[in-house]
Amino acid sequence: MFRFTTIKDYHNNLQSGQTTVVEAVRFFVEAAKGGASLNAWLSIYEDEALVAAKQLDEHIRAGQPLLPLHGVIVGLKDVIAYKNHPLSAASKILENFQSIFDATVVEKLQAAGAIILGRQNCDEFAMGSSNENSAYGPVKNGIDPTRVPGGSSGGSAVAVQMNHCMISLGSDTGGSVRQPADFCGIVGLKPSYGRISRYGLIAYASSFDQIGIFAKSVTDVAAVLEIIAGSDAFDSTVSELPVPAYSAVVDEPTPKKRIAYFKEALEHPSLDPAIKAAIDTTIQSMQKAGYTVDAVSFDMLDLVVPTYYVLTTAEASSNLSRYDGVKFGHRSSAENKDLTALYKNARSEGFGKEVKRRIMLGTFVLSAGYFDAYFTKAQQIRKLLVDGATQLFKNYDAIILPTVPSPAFLIGDNAKDPVAMFLADIYTVYANLVGLPAISIPLYKHHSGLPFGLQVMCAPFEETTLLQLSTAIQKLHE
Ligand code: GLN
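This is a predicted model, so every value here is computed, not measured.

Analysis parameters
- Residues numbered from 1 in each chain as written.
- Predicted model: local features only at pLDDT ≥ 70, side-chain atom pairs only at ≥ 80, totals over all residues.
- Heavy atoms only, no water.
- Helix = DSSP H or I, 4+ residues; strand = E, 2+ residues; numbered from the N terminus.
- Buried < 20%, exposed > 50% of the residue type's maximum accessible area, 1.4 Å probe, protein only.
- Contact = heavy atoms within 4.5 Å.
- Axes fitted to C-alpha atoms, helices over the stretch in contact; angles between N-to-C directions.
- Parallel < 35°, antiparallel > 145°, perpendicular 65-115°, else oblique.
- Left-handed = near helix turned anticlockwise from the far one by under 90°.
- Nonpolar A, V, L, I, M, F, W, Y, C, P; charged D, E, K, R; others polar.
- Pairing = 2+ DSSP bridges.
- Right-handed = clockwise from strand over helix to strand, strands pointing away.
- Expected span 1.5 Å × (residues − 1).
- Arc of directions from axis to C-beta.
- Salt bridge = Lys/Arg side-chain N within 4 Å of Asp/Glu carboxyl O.

**Q** Can you tell me about the side chain of N414, naming the residues and giving the values?
**A** Within the secondary structure, N414 sits in the loop between β9 (398-402) and α15 (418-423). N414 gets classed as buried once you look at its relative accessible area, which sits at 19%. Ignoring any residue separated from it by four or fewer positions in sequence, one finds N414 in contact with F409, A420 and M421.

So this is what it looks like as structure tokens:
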């Protein structure tokens, strides 16, 4: 019977002939189909995956060396373009739309031998924290299907959680990889802004968006990151910095041991006491293990969520203006008496409630009368946050934080209160406002039986330190 632990073990088993890529594909397809009630997948490309698997098995039989991600089975959040395959951002407005090109990450994955298994459900246009905003219905948490998996990359998280694939790629604009990773008990990485090309990622808020990686282990995250990171002529915001061989060094001890945590974050009234207690224990065991772990004051904590929602809705209102029912996507069958009516009908019918709310909010904060009061102010706060982080990283190598204030909530519990849902992003949006790499690692179990994670952040482009520290902290918990 096929069993997956890590890419490294899988590769050893492929090389020794204990398993085949075809066997792996069959195993994951069966699991994904068996778990269909969780609603994690919008498409499964079984036949194509088997064709690719046979070719990859041929390579092995012919004695050729394994490719870096040989036969690694990957799922893509429905915001990542895969040529000649459906791409809808879980929105009715892109129903039946097929991508005409590959995202850079897809090209890189396939060149490294990975197999794309399918397209994963998410919140519409990646807006949400619970995966209840999908036009294709909510995704359910595999640990407890009455609970949300988190969002917006909920389908991607559940697919890894439930062994439907080895790796998922999601997108993280304000926590959409780390928060579902926390709720599902897996690893979720949001790299530094500019580490991975966004070419072929459907834009939500372009100065925040990053493609992120879900896996069961930090080592597997490292193995995928080193393949998909790096400069790209199609995205001028990607860094030219060389990509380190993350997977070769992820298990090495890091000399960087100065850790900060935000006092206000651990004292915040929204934080579940059991989560606070767990992180306090981690701080103590890190101190015992020789780390410097200091409380640092962060008096802007309550500003991060409002700042994030002003700026991201502004960017979203601009990015989503392209969905007008003219060139692609949903066109209303109602009588469109003029061009304005055509736009109005297409957008009213095509977008869901949360997306409309954000477009309106974004248009409002950008409107002439309110621009300075909201948009300019938020930009100024963002600058202060960036400056503060630059100062902090002169004295510290990393920041630790909770990922989310509480574990996975019940489906429907927060749906009627968007502000409560926004406020729960308090610990994740900071990394996107500043552009820091951040990861959620599954360390803990709540007394309710639900998993939750620890969030670690480092200075921009310090992914090596981030991954090494994560491995070290995980070892302290073994
Ligand atoms: N929950 C946040 C939001 O709704 C984050 C979403 C994301 O990272 N894509 O905007």
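**Q** Can you lay out the packing of helix α4 (residues 104-111) against helix α7 (residues 218-228) for me, pointing to particular residues and giving the numbers?
**A** The geometry of α4 relative to α7 is characterised by a closest axis approach of 9 Å and an angle of 115° between their N-to-C directions. In terms of their interaxial angle, α4 and α7 are classed as roughly perpendicular. Crossing of α4 against α7: the hand is right-handed. Listed contacts from α7 to V105, K108 and L109 of α4 are V224, I227 and I228. Of the residues in the contact of α4 with α7, the class split is five nonpolar, no polar and one charged.

**Q** Report on the pairing of strand β2 (residues 73-77), specifying residues and quantitative values.
**A** Of all the five residues making up β2, five are buried; the element is thus mostly covered by neighbouring parts of the structure. Side chains I73, G75 and K77 of β2 all project onto a buried face; the interleaved residues V74 and L76 project onto the opposite face, where all are buried too. By the bridge criterion, five bridges tie β2 to strand β3 (residues 115-120) in an arrangement that is parallel. Residue pairing for β3: I73 is matched across the bridge by I115. In this fold, β2 hands off to α4, which returns the chain to β3; that crossover is right-handed. Across three bridges, β2 lies against strand β4 (residues 167-172) in parallel orientation. The residue bridging L76 from the neighbouring strand is L169, located in β4.

**Q** Could you give an account of helix α13 (residues 353-366), with specific residues and numbers?
**A** Think of an α-helix as turning once every 3.6 residues; residues three or four places apart then point the same way. Between its terminal C-alpha atoms α13 stretches 20 Å, which fits the 20 Å expected from 14 residues at 1.5 Å a residue. What α13 keeps buried is the set E354, V355, R358, I359, G362 and V365. Seen from one end, α13 has its buried residues packed into an arc of 135°, which puts them on one side. Of the exposed residues in α13, the ones pointing more than 90 degrees away from its buried face are K353 and M360. In this fold, the buried residues of α13 make contact with α11 (301-319), α12 (339-350), α14 (372-395) and α15.

**Q** An account of the pattern of salt bridges is requested, with residue identities and associated values reported.
**A** Across all of its chains, the model carries twelve salt bridges by this definition. A salt bridge links R358 to E354; the shortest N-O distance between them is 2.7 Å. Pair noted here: R358 and E354 are both in helix α13, with a separation of four residues, about one helical turn. A salt bridge links D387 to K383; the shortest N-O distance between them is 2.9 Å. Residue D387 and its partner K383 are located together in helix α14, separated by four residues, close to a single helical turn.

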